Amino acid sequence: MVNLTIDGKQITTSKTSTIYEAAKENGIYIPVLCYAKKLLPYGACRVCLVEVEQMKGRLIPSCTTPVTEGMVVTTMTDEIRKVRKTVLEFLLVNHVVDCPVCDKGGECDLQDLSYEYEVVTNRFEGEKFDLPKDEVNPLIERNMNRCVLCGKCVRVCDEVVGYGSYSFINRGFETKIATAFDRGLDCEFCGQCVSMCPVGAILPRPFKFKARPWQLKEVDSVCGYCGNGCTVTLGVKDNQVETIRFNDETGVNDGNLCVRGRFGYSYVNSDQRLTKPLVRTNGELKEASWDDALKAAAKGLKDAGDKVGILSGARLSNEELFLMKNFAKVLGTDNLDHSGGESYKGVTEGLFETLGLQASTATFPQVENANAILAIRSDFYETHPVFGMVINQAIRRNDAKLSVIADKFGKLSKLPNARTLIHKPGMELNLLNALCHTLIEEGLAKTDGVDGLDALKAALKDYSAEAVAAAVGGDADKIKTTARELVNAENAAIVLAYGLPYTAYSKEIAIAAANLALLTGIAGREGSGLYLCGEKANSQGAIDIGILPGNNGLGAQQMLSAAGQGELKALYLIGEDPLVSYPDKALVESALEKTFLVVQDIFLSASAEKADVVFPAGSFAEKDGTFTNAERRVQRLRAGIKSPGEAKTDYAILQSMLKEFDAAAPLSPVEAFTALAAETAGYQDVAIDKIGAHGFVWGGETLQPKKKQLVAVSGVEAPQGDYQLLVGSALYHSGTVSVHAKGPMAVVSEPYIELGREDAATLEIEDGDKIKLKAANGEIQAKAKVDRRLPQGVFFTPYHFAELQLNSIYTGQAAIAVQPAKA
Amino acid sequence: MASIEGHRGMSRPRPPFPAVRGLWGKPTNINNVETYANVSYIFYNGADWYSSIGTENTKGTKIFALTGKVKHTGLVEVPAGITMREVIYDVCGGILNNRKFKAVQAGGPSGGCLPSEAIDAEVDYDSLIKAGAMMGSGGLVVMDETTCMVDIARFFLNFTRVESCGKCIPCRIGLKIMLEILERITSGQGQEGDIELLQDMAYDIKKSSLCGLGQTAPNPVLSTIRYFRDEYETHIKEKECPSHSCKELLHFRVIEDKCKKCGLCPRVCPVDAIEWEKGQVAKIDLDKCTKCTSCYDACRFMAIE
């Protein structure tokens, strides 16, 4: 700690603080323009200049100067005021000052500072900027005539996002922020630059002319897309979510968001939303009153007796899931499951067998301090972009070594010094086994208190780095180096995403990853962790609460099979569209057709169209409750708007259904939370009022494994056939909801089939051509996207789009053997 | 360092100082070539030998790059503490065309202009700084009576403006505005109060700039105002350039009593705008004149204004 004096006030602060940070901590105001908490010190704007007695003769930038013992700082003198004002005058000479039509008006740092320093007239004169605006893309508008060159956009895109869209070009007065070759912006559109810009130079286009900042009501909630659990602050006006506001004070994401979180909110305002209950009468879905719809649903379910299955998505709040579980009890069924069943076997069965846990062992912020990171699946950045940014920061700030086990090259592979262990489709397991083999072989494995070593050793005898490298088409040295780095790192992390498009071998991969976490000592060690990240916002909550088949119950796939064979009489789908997102469309179709079907959704999904009763539900923006993210962080959702028309939250609908069955239901989500916390393992310590700005991590920052059991899993044979299709998630989408959101759709509006340049040349397919993939049980067609991500013989397609009919050929396998042709 | 690392050349905030965390995050010693060259001699001959040369506070020798209106330009190495007169008149052979010495810009473009009164001052770190200049890069630009001090300030500021990396606001915008004001003055558009405005903003730019470039770039302006304020005032108030150097303030007329009737000017005029007969004072036809200043530059008697 360091002692210093600022404006006569005695202050003790950390020795790594800057003067600005020390002042801020102690409530002393120093103006800034180019400073941002999450970026490295930069010192360009010269607005934060202060006087330091020990450095007399010049003014000291407080945002870049570290505190030293005994420092005496003065933050305001006549000279400082004058210099700051001159700087502001300089900025306003060429700036266009079009505040009346600037969306930033009212929350612009330049405007506020000009006001504070009373820059009424300007002693200097000069020509106004007349630079062209960048309005090429639909999401981010750049107007460099308002730019103050604070460099925050350049820095955040590099330091945090790791994309590097922007740079300064030209020199001196002609300096400006530009993209490569000064063309229109074409990036991943996470909008970090938008959130960082202190002026109106980079703005969200969808928000243009929608509202003045002071007209917006700000509501802190949690993003409804992936399991990262980013805080989104809804900007609400007239019961519409108009924008997502910047907020780096709340939550786990430091104000960082991805394209979905920042621009994917508009589906909640969509005019396609269901606003009235629908009941099938004479073969057609017709609008009905809530009373009639509830009665019809209750009757159908009662008729089915206990031959009922309930299937939910993982975007329901904990409270709603809890009510749903109670409802299953009332119906007397054990047939309860979520998100395709298979997709989370890694957590529920894989981790449970090895570590005795059903959750990640550590929290995201710890990864920033990791020295070695292993990401399993190249899609990790696509499924959890903001966690990907944390990994990028670990690399940049901490020189962390990143290895990626991947069947294709993704964003993570492009990060500095990233090592990609490329493998043939579906062979992650072999590589994980080879890493374990290397650790045991070289005597590096940490085996204290670990059971099953001998059995594992015997089982892994054929998985030497060399043998596996030859089998998967990789490099043995890379495997060995990765194993050594992971075991030798002070802090290390293993990250793995799970979800609907990644069902194959999910349990086995989790076991192999857990084996590695045990042998490297990562599991349960302070500062290190094994992260299993769910695809959906409340994937972890669904597992914690136990939205899983009971002792005699059927899982998702079994339910659908049973329904197809007439063994189940009714199905209740909540926030799930299996017809589009589940593997094996034929199976789903027959299941939905042969049962009495109740669907609760916000849109008339493909599955809802088959329903007998449809309840219009509420989106995340309309809910109060909690989500539990992939690091066990329980965070609060807050309703920002009212549901459209007669739509109700899933909570309210489930309350009504319980009432129809004469069962008691907690009145409010808060009551439901108290009840669920009492009976959910790990939640006993979580009380709703303990959930603060940064949520509440159940089980603590580091979760100790309940056991340390190594379990041998065998690898996978290399896939047969010349061409394989991989199924996965695209960065711009999440599940099937984002296709209703304008932002993500503006970037990726239709399904595509991605292939590498070599294959494109062989098949004579160019970017944008129609391509046809024929598989054993059908074929799909989409536009070709040619790039350099995919190895020869491998295709990729995202699963979000219904029109692709992907699940007509996808039945949950790791890779689909296909025959490609130009269509 | 940024350039070596493949980044855009921009100054970085200090601390951390390069000696602690420099190139690729490693401690780095950054010095001028001259310093490194001296180090090897000090190693060979010892510190006592080195400090036997020079003055109390400026030891050893100093290499100056002499340019401008001196007979012999180039690099000269002299012991520190020598006077400016010795450098200019002894080492460099005096002023070109035997004109009158007017000023010397010491320390490169960010240094300061010293007037003729300073010619007997010793050249060492302390005296130069006291006089409003600096040792800096060791550049010495010698000026004679044909050099306009406002124009020279404009010239140096143009250099620093172009060299500005664009990172910090005072240097990026401030220098451009200063330059525009100087251009205004040298083209006869100067306004009352410009000198005070220049001085005031120069002070703020020096105080608030991020790196050495911005912190010193206003020096030529400040030192020329300090020693040659009258030239600024003449430009602004009388719209005249006393050195007849600012092209837009030239009248292109022959001063009769200075003209030696030599006939050199009609010969250099590319557009035949000068009428001259042997034994007569030359006359410039302003309709034909393109203001190229060939005649002005050629005249050895300062007879054209």
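In the block above lies the structure referred to throughout.
A brief structural summary. (Residues numbered from 1 in each chain as written. Chains lettered and ligands numbered in written order. Predicted model: local features only at pLDDT ≥ 70, side-chain atom pairs only at ≥ 80, totals over all residues. Heavy atoms only, no water.)

This next bit is on the nonpolar core. The biggest cluster of nonpolar side chains holds 132 residues, and the ones touching the most others in it are Tyr572 and Phe615 of chain A. The biggest single contributor to this core is helix H18 (residues 506-519) of chain A, with ten residues. Residues contacting Tyr572 of chain A, with those up to four places away along its chain left out, are Leu301, Gly309, Ile310, Leu311, Phe327, Val598, Gln600, Phe615, Ile653, Leu654 and Met657 of chain A. Of all hydrophobic cores here, the second largest spans 120 residues; its members include Cys147, Ala375 and Ala394 of chain A together with Leu175 of chain B. (Core = buried A, V, L, I, M, F, W, Y, C linked by side-chain atoms within 4.5 Å. Buried < 20%, exposed > 50% of the residue type's maximum accessible area, 1.4 Å probe, protein only. Helix = DSSP H or I, 4+ residues; strand = E, 2+ residues; numbered from the N terminus. Contact = heavy atoms within 4.5 Å.)

Turning to the environment of Ala36 of chain A, a few remarks are in order. Tracing the backbone through its elements, the reader meets Ala36 of chain A in the loop between helix H1 (19-25) and strand E3 (49-52). Remark: the alpha-carbon pair of Ala36 of chain A and Lys610 of chain A, spanning 574 residues in sequence, is separated by 51 Å.

On to the interface of chain B and chain A. A common measure of how large an interface is: the accessible area buried when the components associate. Counting from both sides, the interface comprises 31 residues of chain B and, opposite them, 35 residues of chain A. When the two sides are added together, the surface that chain B and chain A hide from each other amounts to roughly 2,800 Å², 57% of it contributed by carbon and sulfur. On the chain B side of the interface with chain A, the three residues burying the most area are Arg8, Ile169 and Lys207 of chain B, jointly 21% of the side's total. The interface formed by chain B and chain A holds five salt bridges in total. Put simply, Asp200 of chain B and Lys82 of chain A hold a salt bridge, and the shortest N to O gap is 3.2 Å. Our enumeration of links across chain B and chain A arrives at 17 residue pairs in polar contact (both at pLDDT 80 or more). For the side of chain B that touches chain A, the secondary structure elements donating two or more residues are helix H5 (149-163), helix H6 (169-186) and helix H7 (194-208) of chain B. (Buried area = accessible area lost by both parts, 1.4 Å probe. Salt bridge = Lys/Arg side-chain N within 4 Å of Asp/Glu carboxyl O. Polar contact = N/O pair within 3.5 Å; in protein donor to acceptor, adjacent residues only side chain to side chain.)

The next subject is helix H7 (residues 290-304) of chain A. Residues and elements named next belong to chain A. Over its 15 residues, H7 runs 21 Å from end to end, which matches the ideal 21 Å to within 8%, given 1.5 Å per residue. All buried positions along H7 are accounted for by Trp290, Ala293, Leu294, Ala297, Ala298, Gly300, Leu301 and Ala304. All buried residues of H7 fall inside an arc of 165° around its axis, so they share one side. Away from the buried face of H7 by more than 90 degrees, exposed residues Lys299 and Asp303 are located. Positive phi shows up at Gly305, right after H7, with a value of about 60°. (Expected span 1.5 Å × (residues − 1). Arc of directions from axis to C-beta.)

Residues and elements named next belong to chain B. Taking strand neighbours across the sheet as the criterion, the five strands line up as E2-E1-E5-E3-E4 in an open arrangement whose pairing is mixed. A strand with exactly one partner marks an edge of an open sheet, and here the two such strands are strand E2 (74-79) and strand E4 (112-115). Between one strand axis and the next, the sheet turns through 30° on average, direction left out of account. One ladder, built from four bridges, connects strand E3 (residues 101-106) with E4; its direction is antiparallel. (Pairing = 2+ DSSP bridges. Axes fitted to C-alpha atoms, helices over the stretch in contact; angles between N-to-C directions.)

Now for the side chain of Lys536 of chain A. Assignment of secondary structure puts Lys536 of chain A in the loop between strand E21 (529-534) and helix H19 (539-545). In contact with Lys536 of chain A, not counting residues within four places along its chain, are Tyr225, Cys226, Gly227, Ala314, Arg315, Leu500, Gly735 and Tyr799 of chain A.

Compared with an ideal rise of 1.5 Å per residue, which puts 13 residues at 18 Å, helix H1 (residues 33-45) of chain B spans 19 Å between its outermost C-alpha atoms and is within 8% of the ideal. Just beyond H1 of chain B, the residue with positive phi is Gly46 of chain B, at close to 90°.

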